[in-house]
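Structural description and commentary
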Amino acid sequence: MGRHNAFTFPYTFFRERAAAVIPQLMNVGFTGINLALNYHASRDFLLRQGPALEYLADGFHYYKPDLSHYPSGAITPHPSDCLTDNQMLDEVLAAARTESFEINAWAVFMHNSAIGFRYPEATVTNCLGNHFLSELCPSSPMVAGYITGLTSDLCSRGITSLAIESLHFHGAHHGEHHERFFLEMSEITAFLLSLCFCQWCISNFSGDGKVLQMRVAKLLEPFLADGDPWLTLPLTKENLGEISGRELLAYLDSREATVAKRYQEVSAIAKGNNVQTKFVDQAPLISGSLTTPTNKSWQVGINNSIIDRTIDIYEPLIYRESAEEVGEVGAHYRESLTSPITAILRPTYPDNRSEATLIDKVAALRSAGISDVDFYLLDAMRPRDVEWIKRAITS
């Protein structure tokens, strides 16, 4: 059958005690949960425990942080971005121990406007000097300290695994509520517009980062003044090299090395606490990544050959409508990587509309050599969806 975790918001345990919820989930066939303990802002219509419209605060820590885990100079969670006690988390962990049920901490690392607005100097800064306040830069020493502190704190609490989301760079359109880009924008332009040239990214680069920054700004001038010259040109490293020169490709290598270093630091801390690391891979959501998502990972600063050797489990978001597509993506990951793979499926709209399709998707993953499947998002599921999961994983 494999192992099956439900991605879960804390609201599940704000509305019902863990001692009641966990046996319910075990009856479905879940072996654990990935509990959001650090998450970004969202508005969610939750259904499993009855309809409720809930708002998650940006960059919120759903526990009381222990700041002794954070190194000197690190960004630390602000008191207004945390719970005032650990009652919810402690109850969940205690109930899970009784039932031999896995509790994994699910943390969103770099997508954090709460920190970004307080520390704009620690955010992604493009070639024009614009700050993406929703995106922390992993090159910043203050952010690196936050990453290690967050990891150390969560891994000290008795969790089984750390589900790592958003520990990388992001694109221009990944960020804020009601975004407005009233411009027709190619993938190349969007990439160049979001490429970070903060002081730390520049200092990590062996070449002349300042000159490169000015070159990229110059390349964007036609787009800013009139129109995008690359609307029909796909975003590839080859095309970027032809447009901007080989030095830009070396700059991308530099930021991949930085991201890899952050993963190596997180992995070392987790291993020291006997905690597994799971890379929640968003590559399948990148434009153009239909069946070969890892080929697009470089766009967010992920070098799979290094990350594959660093983390314990790859966990890609295989959000596809058909079982055939799910199987193709699963096979791609199994063939491309050496790490164990856990697939993430949504049993709900827009990916899934029937029990039979979900059963076929799980079967397709098993045929691709992937028996561990997690499901997103427990709180937002109808009770019917939970029953579909039960039948899919027991078929």
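Overview of the structure. Values in this document were obtained by computation on a predicted structure and should not be read as measured data. (Residues numbered from 1 in each chain as written. Predicted model: local features only at pLDDT ≥ 70, side-chain atom pairs only at ≥ 80, totals over all residues. Heavy atoms only, no water.)

1. A closer look at the pairing of strand E6 (residues 102-108)
- Counted residue by residue, E6 has seven buried out of seven residues, so it is predominantly covered.
- What you see with E6 is no split at all: Glu102, Asn104, Trp106 and Val108 on one side and Ile103, Ala105 and Ala107 on the other are buried throughout.
- Sheet topology places strand E2 (residues 32-39) next to E6; six bridges connect them, and they run parallel. Looking at E6, one finds that Gly32 is bridged to Glu102. (Buried < 20%, exposed > 50% of the residue type's maximum accessible area, 1.4 Å probe, protein only. Helix = DSSP H or I, 4+ residues; strand = E, 2+ residues; numbered from the N terminus. Pairing = 2+ DSSP bridges.)

2. Here's the deal with the packing of aromatic side chains
- Inspection of every chain in the model, using the stated rule, returns 17 aromatic pairs.
- A centroid spacing of 5.5 Å and a plane angle of 75° characterise the contact between Tyr263 and Phe279, whose relative ring orientation is edge-to-face. Taken as a pair, Tyr263 in helix H11 (residues 246-272) and Phe279 in strand E10 (residues 276-281) lie far apart in primary sequence, 16 residues in all. Like Phe279, Tyr263 is buried.
- What links up through ring pairs into an aromatic cluster is the set Phe7, Phe9, Tyr39, Trp106, Tyr319 and Tyr376. (Phe/Tyr/Trp six-rings, centres within 6.5 Å; stacked < 30°, edge-to-face > 60°.)

3. Concerning H11
- The end-to-end C-alpha distance of H11 is 40 Å, a good match for the 39 Å that 27 residues give at a rise of 1.5 Å each.
- Directly beyond the C-terminal end of H11, a positive phi value near 55° is found at Asn274. (Expected span 1.5 Å × (residues − 1).)

4. Thoughts on the pattern of salt bridges
- The full count for this structure, using the stated rule, is 15 salt bridges.
- The residue Lys278 makes a salt bridge to Asp374 at a minimum N-O spacing of 3.7 Å. Pair noted here: Lys278 is in strand E10 and Asp374 is in strand E13 (residues 372-375), with a separation of 96 residues, a long-range link. Across this residue pair, the class does not change: Lys278 and Asp374 are buried.
- Two residues, Arg346 and Asp351, come together in a salt bridge whose shortest N-O distance is 2.6 Å. (Salt bridge = Lys/Arg side-chain N within 4 Å of Asp/Glu carboxyl O.)

5. A look at the pairing of strand E9 (residues 161-165)
- The element E9 is largely enclosed, with a buried count of five among its five residues.
- Here E9 shows a buried face lined by Ser161, Ala163 and Glu165 and a second buried face lined by Leu162 and Ile164.
- In the sheet, E6 pairs with E9 via four bridges, with the strands oriented parallel. Looking at E9, one finds that Val108 is bridged to Glu165.
- Two elements, E9 and E10, share four bridges in a ladder whose sense is parallel. Residue Ile164 lies in a different strand from E10, and its bridge partner there is Phe279.

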